[in-house]
Amino acid sequence: MGFLNLFAISSMPVLKVLLVSGLGSYLALDRIDILGEDARKHLNNIVFFVFNPALVSSNLAKTITYESMVQMWFMPFNILITFIIGSALGWVVIQITRPPPHLHGLVIGCCAAGNLGNMLLIIIPAVCKERGSPFGDSDVCSEYGMGYASLSMAIGAIYLWSYVYNIIRISSSRNSKEVDINDLSITKSSSESSTVPSDISSAEVTEPLLSPNHLALPRTRFEEKPQVSFSDKIKQHLDMLLQLMNLKRLFAPSTTGVIAGFVVGLVPQIRKLLIGETAPVHVIQDTALLLGDGAIPAVTLVMGGNLLRGLKGSEIQKSIILGIIIVRYVALPLLGIVIVKGATRFGLVHHNPLYEFVLLLQFALPPAMNIGTMSQLFGAGESECSVIMLWCYALASITLTLWSTLFLWLVA
């Protein structure tokens, strides 16, 4: 297959994303106001709580079996590698560009977490349906491709809400603590200067020499601190770990949909009830598929409306944006080729062109859109995040086409 044919196949899904995103941006304009801020918020809630779980669970239930699970075991590690390498490169970007402290978590998050769900759910079916696709029959390709994309979305959501979420939270909390300390010192100094008259000597405002605390007897060497049992220590550490992980965010509706999809796909008795045209209650699976079909256009419209906020601009350093773009669109895809082809060569990944294409594509995606939600949640770098997303997704139309063409050439 020629390079121009591969380039045409790769460009079609990206053009579809651009057209739907452009429509979302147009509908979000103030003079149109069909997809305003409130409308995007409500539509995003429907996608988050209804469309995405239905899409993930229905596609996983159709494609997941014990055999496919054995074949796809490398995907969670591949996504974890993207997060680890992206975080390391994000730390390098911070050391070079020296952004404000409250943006450290945002920079690392944008470098580490790619859009592992929505972009793959759009690109993979579009590539499968293109004439001349190297992945064979379009229906079979779409079925298995949606399963790969759904699993990628689920694993990415777990890593995103357990890892990136806490990085942004810690970064924003450090910044707020510094502000609180500065405010406290200013308030304290002003209150002392306003409440203590100048004609009172320092001796009159000092503590008495024998305060109640001074009258307390010192601890003797025979007194011992209360002993804490080993089980109590383990319980304390588990409680701290659960608080840090924020299980409510970790078990998002999409993750619950993944669990449901795995249960249906891996339990033969349930699979026979739901999957297939002759299944007794296949109407449940058909309904989930019907709801899931609304996820892709809805989330793309919301993405286009959110990107419009980046046009308003921000005072973010251009070097920060450039650093994130280099990490996501140059360094990570090159390293991804080495990692995936190396894993295939050593037998860690079975030779399946579509599966290899998905693994490679996970290294070349733009930052996850949920990072914007996190920045809004903690009030850390909202305007800066909008500008970063605007530039990253604007350039994704070019970079995704070029990298997809190269990846198709490598696996075809």
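What counts and what doesn't
- Residues numbered from 1 in each chain as written.
- Predicted model: local features only at pLDDT ≥ 70, side-chain atom pairs only at ≥ 80, totals over all residues.
- Heavy atoms only, no water.
- 1 Å grid on protein atoms, 1.4 Å probe; cavity = no way out; pocket = protein on both sides within 12 Å on 5 of 7 lines; lining within 4 Å.
- Points joined across faces, edges and corners; volume = space filled by probe spheres on them.
- Helix = DSSP H or I, 4+ residues; strand = E, 2+ residues; numbered from the N terminus.
- Core = buried A, V, L, I, M, F, W, Y, C linked by side-chain atoms within 4.5 Å.
- Buried < 20%, exposed > 50% of the residue type's maximum accessible area, 1.4 Å probe, protein only.
- Contact = heavy atoms within 4.5 Å.
- Disulfide = S-S within 2.5 Å.
- Patch = residues over 30% accessible without salt bridge, like charges linked within 9 Å, V, L, I, M, F, W, Y side chains within 5 Å.
- Areas by Shrake-Rupley, 256 points an atom, 1.4 Å probe, with all protein chains shown as cover.
- Salt bridge = Lys/Arg side-chain N within 4 Å of Asp/Glu carboxyl O.
- Phe/Tyr/Trp six-rings, centres within 6.5 Å; stacked < 30°, edge-to-face > 60°.

Now for the layout of surface pockets. Estimates place the volume of the second largest pocket at around 400 Å³. Taken together, 17 residues make up the lining of the second largest pocket; nearest its centre are Leu-121, Pro-125, Lys-129, Met-146 and Ile-296. Listing elements by their share of the lining of the second largest pocket, those giving two or more residues are helix H2 (37-63), helix H6 (118-129), helix H7 (138-195) and helix H14 (282-292). Per-element tally for the lining of the second largest pocket: the top contributor is H6, with five residues.

For the rest of this paragraph, the subject is the nonpolar core. Leu-361 and Ile-371 are the most contacted members of the largest nonpolar core, which totals 98 residues. Tallying contributions element by element places H7 first for this core, with 15 residues. Contacts of Ile-371, omitting those with residues within four sequence positions, involve Leu-106, Gly-109, Cys-110, Ala-113, Leu-160, Ile-168, Cys-385 and Met-389. Counting residues in hydrophobic clusters, the runner-up holds five residues, among them Leu-27, Ala-28, Leu-301 and Leu-308.

Turning our eyes to something else, we now look at the state of the cysteines. Throughout the structure, instances matching the rule amount to one disulfide. What pairs with Cys-128 in a disulfide is Cys-141, and their sulfur atoms sit 1.8 Å apart. A torsion of -60° about the S-S bond marks the disulfide between Cys-128 and Cys-141 as left-handed. One end of the pair, Cys-128, is in helix H6; the other, Cys-141, is in helix H7, with 13 residues separating them in the sequence. By relative accessible area, Cys-128 is classed as buried at 1%. There is no disulfide at Cys-385, and the cysteine sulfur nearest it, in Cys-110, is 5.3 Å away. Its relative accessible area of 2% is what places Cys-385 among the buried residues. With no disulfide of its own, Cys-392 has Cys-110 as its nearest cysteine by sulfur position, at a separation of 6.5 Å.

What follows deals with unusual backbone geometry. Phi at Asp-33 takes a positive value of approximately 55°, unusual for a residue other than glycine. Structurally, Asp-33 is set in the loop between helix H1 (3-27) and H2. Its identity is not glycine, yet Arg-98 carries a phi of approximately 55°, on the positive side. By the element assignment, Arg-98 lies in the loop between helix H4 (74-97) and helix H5 (104-112).

Moving on to a nonpolar patch on the surface. Taken together, the side chains of Ile-46, Phe-49, Val-50 and Leu-291 define a hydrophobic patch exposed on the protein surface, amounting to about 340 Å² of accessible area. It is H2 that contributes the most residues to the nonpolar patch, three residues altogether. Counting through the fold element by element, Leu-291 comes out in helix H14. Residue Leu-291 is classed as partly exposed on the basis of its relative accessible area of 36%.

With that out of the way, let us pick up the packing of aromatic side chains. Where two aromatic rings form a pair, the distance of their centres and the angle of their planes describe that pair. Counted according to the given criterion, the structure contains seven aromatic pairs. Measuring from ring centre to ring centre gives 5.8 Å for Trp-73 and Phe-74, while their planes differ by 85°; the resulting arrangement is edge-to-face. Among the residues examined, Trp-73 registers a relative accessible area of 38% and is labelled partly exposed. A residue is classified by how much of its surface remains accessible, and Phe-74, at 7% relative accessible area, is buried. Summarising the aromatic geometry, the rings of Trp-73 and Phe-77 are spaced 5.8 Å apart at their centres and angled 70° between planes, so their arrangement reads as edge-to-face. An aromatic cluster of at least three residues, connected via ring pairs, comprises Trp-73, Phe-74 and Phe-77.

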